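Chain by chain, the residues run as shown.
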Amino acid sequence: MKIGIIGGGPGGLAVGMLLASKGLDVTIYEREQSVGGRCGKLTDEDEKYIFDIGPTFLMMPYILEDIFSKCNKNLHDYVNLNLLEPYYRLNYRDGSTFHPGQNYQRVKREISKLSPGDIDGFENYMKDNKKKFEKTFPVLQGDYQKFYDIFNLDILKFLGVLRPWSTLWDDLGKHFKDDRIKVGFTFQSKYLGMSPMNCPSVFSILSFVEYSSGIYHVQGGLHQLSEGMEKAFKEMGGKLELGCDVKKIIIEGKKAKGIELSDGTKQQLDEVVMNADFAWGMQNLIDDEKRKKYKDEKLRQKKYSCSTFMMYLGLNKKYEHLPHHSIYISEDYKRNFDDIESGNFSYDPSFYIQNPCVTDDNLAPKDHSALYVLVPVPNLKNEINWDKKTTEEFKKKILRLMKERAGLDGIEEHIEFEDVVTPKNWEKRFRVGYGATFNLAHNIRQLTIFRPRNRFEEFDNMWLVGGGTNPGSGLPTIYESGRITAYGIFKKYNIEMPAVITPPVTSGIQV
Ligand SMILES: Cc1cc2nc3c(=O)[nH]c(=O)nc-3n(C[C@H](O)[C@H](O)[C@H](O)COP(=O)(O)OP(=O)(O)OC[C@H]3O[C@@H](n4cnc5c(N)ncnc54)[C@H](O)[C@@H]3O)c2cc1C
């Protein structure tokens, strides 16, 4: 049996490792010269400055630890994880700040400084969300192949916490009065590329996950996770073809039969796993007339996450006052999200700066730094034309905000290297459909059985893995998608499957 995986992103690597651990003949075809996809590395020519392309927060490391242990390996032999405390600094427009972290007493003191009446809310929030998380996680681990798969005990328990009528923002209003605290517990919907005003209330578990599982940096950058997975995959006999661009998935009738590479070579395969971005992969790897449920026109009607405007800046200066992670909240938080969803530039965008050199010396020379700047912006289903002029103007605006709000005086004079990625570049350079960096949106109608299925419903012998299938976008869930897809293949071939993990939700803050 020959299995081919299109793409060596976190999803492709996770499924690849599990398949290889069973001695199966598995090859990852990756078009770039290195693995990782959006969780890969970006550098200047001399590798003086090193950046993560996408993920900078690692949460729930136990999911990846579990994948390694299912392969008889130890994640910690491959990467060094560094728990950050506090996790990050939230900066509000009125000058106040908030530093979430695992030090429960300190967090309570900070809440009481911002809003003394909200202390009890914090305890209630944690208790409520612990229950919610325990009922939601098994649903995220589910393998939804047929409609009746949603009729099970886990889903039944989950319905009790789903509250489909309530948005994340409304839900937090039950616990907190102060809008700044509500922001501190809802901005995490950005991880799904959604506005808290539209995001299902069940995703209040995201900030609970931060408090309970911690936020980790990986020494050397989060792309080290992908490199560690590559190493483990190869050690188990997995084959990796770098610089190997898949042009088409060969479909005959209802079956995926193999792949065609851009040099015209064809590979017959028994199982084809697609890790390429779902919206991009559908539109480019399978002819429209062969698809029914996911024709181009139908794909366009789906809801997608926001996009991001990125600046990767190599500086001959280190800003010691700037923490590892800082988030700057817009003056009008709700309007900022409305603007993103309606396809407009915000007059005062929220933005995020990562300054990892304050905790990690591996990313830039001494007294230099590698800054990562992310601004959520509309995806390409909207009409913004990211031409040179628009990009340059937007860049200037963000640099001005960075000086004003983060105290990065004179930053322009210190830039030695710069790479800017717009939604258009996400699509053209990184092949992300509609530039929607966090994939298909995570509204109820695009989750579980309603999301493209891991055992892909359109064709036999074809599977999906990554943020476009179940459970959804974000590293922990993408690794879990690798586990779900691998287990689907094991089941098909009667291969024994190790037990699925129950997360240690009591770690971190005790509630
Ligand atoms: C800016 C940004 C910030 C993020 N921050 C976080 C964070 O802090 N924490 C978190 O948990 N998650 C974060 N995410 C979300 C998510 O974890 C990453 O996007 C993740 O890398 C997605 O993994 P994936 O496997 O689905 O796809 P990808 O990483 O996109 O991997 C797909 C792979 O397929 C390859 N490929 C595509 N087409 C072909 C082809 N035709 N032939 C061969 N190879 C092909 C690509 O080159 C790529 O390597 C972030 C994402 C972005 C973009």
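From a predicted model like this one, the values you see are computed outputs, not experimental measurements.

## Some words on the overall build of the chain
Here is step 1: Helices and strands together make up the secondary structure of the chain, namely 15 helices and 19 strands.
Here is step 2: Radius of gyration (C-alpha) of the chain: 22 Å, near the 24 Å computed for a compact globule of 511 residues.
Here is step 3: Along the longest, intermediate and shortest principal axes, the C-alpha atoms of the chain span 60 × 50 × 45 Å.
Here is step 4: The buried share of the chain, taken over its 511 residues, is 62%.
Here is step 5: Within the chain, contacts between residues at least 6 apart in sequence are counted, and of these 71% link residues at least 24 apart.
Here is step 6: Looking at the chain as shown, the accessible area adds up to about 20200 Å², and 48% of this sits on carbon and sulfur atoms.
Here is step 7: Seen as two clouds, the 70 positive and the 70 negative side-chain charges of the chain have centres 5 Å apart.

## Points about helix H1 (residues 10-21)
Here is step 1: An ideal rise of 1.5 Å per residue puts 16 Å on 12 residues; H1 measures up with 16 Å between its terminal C-alpha atoms.
Here is step 2: Most of H1 is tucked away: 11 of the 12 residues are buried.
Here is step 3: The complete set of buried residues in H1 reads Pro10, Gly11, Gly12, Leu13, Ala14, Val15, Gly16, Met17, Leu18, Leu19 and Ala20.
Here is step 4: Buried residues belonging to H1 abut strand S1 (2-6), strand S2 (25-29), helix H2 (61-70), helix H9 (223-235), strand S13 (271-274) and helix H15 (475-492).
Here is step 5: Directly beyond the C-terminal end of H1, a positive phi value near 75 degrees is found at Gly23.

## A look at the packing of H1 against H2
Here is step 1: Where H1 meets H2, the closest approach of the two axes is 9 Å, and the angle between their N-to-C directions is 25 degrees. Classified by the interaxial angle, the pair formed by H1 and H2 is roughly parallel. In the packing of H1 onto H2, the handedness of the crossing is left-handed. Between H1 and H2, the contacting residues are Ala14, Met17, Leu18 and Ser21 on the first element and Ile67, Phe68 and Lys70 on the second.
Here is step 2: Taken together, the residues of the contact of H1 with H2 break down into 5 nonpolar, 1 polar and 1 charged.

## Observations regarding the pairing of strand S14 (residues 307-315)
Here is step 1: The element S14 is largely enclosed, with a buried count of 9 among its 9 residues.
Here is step 2: Neither face of S14 is exposed, since Ser307, Phe309, Met311, Leu313 and Leu315 on one face and Thr308, Met310, Tyr312 and Gly314 on the opposite face are all buried.
Here is step 3: Where S14 lies against strand S17 (residues 369-377), 9 bridges are found, and the strand directions are antiparallel. Bridge pairing in S17 links Gly314 to Ala370.
Here is step 4: Bridging between S14 and strand S18 (residues 415-421) involves 6 bridges; their strand directions are antiparallel. Bridging across to S18, Gly314 finds its partner in Phe417.

## Examining the domain arrangement of the chain
Here is step 1: Split into domains, the chain comes out as domain 1 (2-43 + 53-81 + 219-302 + 441-492), domain 2 (86-213) and domain 3 (306-428).
Here is step 2: With 18 residues of domain 2 in contact, the opposing surface of domain 3 contributes 20 residues.
Here is step 3: Of all residues in domain 2, Arg89, Asn91 and Arg93 give up the largest surface area on contact with domain 3, accounting jointly for 39% of the area buried on that side.
Here is step 4: Linking domain 2 to domain 3 there are 1 salt bridge.
Here is step 5: Linking Arg93 and Asp348 is a salt bridge whose minimum nitrogen-to-oxygen distance equals 2.7 Å.
Here is step 6: In terms of residue count, the dominant contributor to the side of domain 2 that touches domain 3 is strand S6 (residues 89-91) (3 residues).
Here is step 7: By residue class, the composition of the side of domain 2 that touches domain 3 is 10 nonpolar, 5 polar and 3 charged.

## Remarks on the pairing of strand S11 (residues 255-261)
Residues in a regular strand project their side chains so that they alternate between the two faces of the sheet.
Here is step 1: Burial analysis of S11 places 5 of its 7 residues in the buried class, which makes it a mostly covered element.
Here is step 2: Sheet analysis places strand S10 (residues 246-252) next to S11, joined by 6 bridges and oriented antiparallel. The residue of S11 that forms the bridge with Ile249 is Ile259.
Here is step 3: Hairpin connection, S10 to S11: the antiparallel pair is bridged by 2 residues, and Gly253 has positive phi, about 60 degrees.

## Regarding H9
Here is step 1: With 13 residues, H9 extends 19 Å between its outermost C-alpha atoms, agreeing within 8% with the 18 Å of an ideal straight helix rising 1.5 Å per residue.
Here is step 2: Considered for burial, the residues of H9 that qualify are His223, Leu225, Ser226, Gly228, Met229, Glu230, Ala232 and Phe233.
Here is step 3: Just past H9, the residue Gly237 takes up positive phi, approximately 95 degrees.

## Considering the UniProt feature "domain: Amine oxidase" (unreviewed entry) in the chain
Here is step 1: Under the UniProt annotation, "domain: Amine oxidase" (unreviewed entry) lies at residues 11-487.
Here is step 2: For residues 11-487, helix accounts for 34% and strand for 17%, while the C-alpha atoms at its two ends are 14 Å apart.

## Digging into the site of the ligand
Here is step 1: The ligand sits among 39 residues. The nearest are Glu30, Arg38, Asn275, Gly467 and Leu475.
Here is step 2: A distance of 2.9 Å separates an oxygen atom of the ligand from a polar side-chain atom of Asn275.
Here is step 3: For the ligand, whose free accessible area comes to 990 Å², the fraction covered by protein is 96%.
Here is step 4: Going through the elements one at a time, H1, helix H10 (278-285), S17 and H15 are the ones with two or more residues in the shell around the ligand.

Parameters at a glance
Residues numbered from 1 in each chain as written. Predicted model: local features only at pLDDT ≥ 70, side-chain atom pairs only at ≥ 80, totals over all residues. Heavy atoms only, no water. Helix = DSSP H or I, 4+ residues; strand = E, 2+ residues; numbered from the N terminus. Rg over C-alpha atoms; globule rule 2.2 N^0.38 Å. Buried < 20%, exposed > 50% of the residue type's maximum accessible area, 1.4 Å probe, protein only. Contact = heavy atoms within 4.5 Å. Areas by Shrake-Rupley, 256 points an atom, 1.4 Å probe, with all protein chains shown as cover. Lys, Arg positive; Asp, Glu negative; His and termini not counted. Charge placed at Lys NZ, Arg CZ, Asp CG, Glu CD. Expected span 1.5 Å × (residues − 1). Axes fitted to C-alpha atoms, helices over the stretch in contact; angles between N-to-C directions. Parallel < 35°, antiparallel > 145°, perpendicular 65-115°, else oblique. Left-handed = near helix turned anticlockwise from the far one by under 90°. Nonpolar A, V, L, I, M, F, W, Y, C, P; charged D, E, K, R; others polar. Pairing = 2+ DSSP bridges. Domains from an automatic or database assignment. Buried area = accessible area lost by both parts, 1.4 Å probe. Salt bridge = Lys/Arg side-chain N within 4 Å of Asp/Glu carboxyl O. UniProt positions renumbered as here; feature names shortened; annotations may be inferred. Near = heavy atom within 4 Å. Polar contact = N/O pair within 3.5 Å; in protein donor to acceptor, adjacent residues only side chain to side chain.

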